[in-house]
Amino acid sequence: MSFNEIANQFVKFYYDTFDSNRSGLAGLYRDNSMLTFETNQIQGAAGISEKLVGLPFQKVVHRISTFDAQPAGPDGSIIVMVTGEILFDEETNPQRYSQTFHLLPEGGSYFVLNDIFRLNYA
């Protein structure tokens with residue numbers, strides 16, 4: 001499977017899971033993973049899961065505009081950058097966001113080593 005196919009599957013799984021059951025994302029992270037969410041940096045799977053599950057909204061919908069992927073080294077890792085719009089709860093005006101992932105191979109699958117999320121204010 002090509003790095004683009006892997007990235008496509010990852011993006012679909014990540015945002016479908018985020019929008020329906022954020023606690024289901026915990027298995028994508030490891031103890032050495034890091035999330036930067038706006039200006040907050042969180043290290044480790046448990047802390048990242050706690051942050052994502054504890055975000056102050058109940059309903060969320062991501063609308064992906066673009067995503068790009070590149071191989072990131074001889075180990076098979078992949079960099080994925082996503083841009084799109086996000087709707088929270090009952091809001092009707094979406095906010096733009098960008099998110100970058102560094103995926104590392106592990107036992108025939110991939111995990112998220114780095115995850116950087118940022119809302120893009122105009």
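Residues numbered from 1 in each chain as written. Predicted model: local features only at pLDDT ≥ 70, side-chain atom pairs only at ≥ 80, totals over all residues. Heavy atoms only, no water.

> Quick question: what am I supposed to make of the packing of aromatic side chains here?
What describes a pair of aromatic rings is the distance from one ring centre to the other and the angle between the planes of the rings. One pass over the full model with this rule turns up 10 aromatic pairs. Look at F10 and Y14: their rings are 5.7 Å apart centre to centre, the planes differ by 35°, and that puts the pair in the tilted class. Highlighted residues: F10 and Y14, both in helix α1 (residues 3-20), separated by four residues, approximately one helical turn. Taken as a pair, F10 and Y14 share a single burial class, namely buried. For the pair F57 and F88, a centre-to-centre distance of 4.7 Å together with 45° between the ring planes defines the contact as tilted. Taken together, the positions of F57 in the loop between α2 (45-53) and β3 (60-71) and F88 in strand β4 (residues 78-88) put the pair 31 residues apart, joining distant regions of the chain. (Phe/Tyr/Trp six-rings, centres within 6.5 Å; stacked < 30°, edge-to-face > 60°. Helix = DSSP H or I, 4+ residues; strand = E, 2+ residues; numbered from the N terminus. Buried < 20%, exposed > 50% of the residue type's maximum accessible area, 1.4 Å probe, protein only.)

> Sorry, what's going on with the pairing of strand β1 (residues 29-37) here?
The two faces of a sheet get side chains in turn, since along a regular strand they alternate between them. Relative to strand β6 (residues 109-120), β1 runs parallel, the two being bridged by five bridges. Residue pairing in the sheet places M34 in a bridge with N114 of β6. Connecting β1 to the antiparallel partner strand β2 (residues 40-43) that follows it, the hairpin turn spans two residues, and E38 within it adopts a positive phi of roughly 60°. (Pairing = 2+ DSSP bridges.)

> Can you help me understand the pattern of salt bridges in this one?
Side chains that carry opposite charge are capable of pairing whenever their charged atoms lie near each other. Scanning the model with the defined rule gives five salt bridges in all. A salt bridge links E106 to R30; its shortest N-O distance comes to 2.5 Å. Of this pair, E106 sits in strand β5 (residues 95-106) while R30 sits in strand β1; the two residues are 76 residues apart in sequence, bridging distant segments of the chain. Residue E106 is classed as partly exposed on the basis of its relative accessible area, which comes to 36%. (Salt bridge = Lys/Arg side-chain N within 4 Å of Asp/Glu carboxyl O.)

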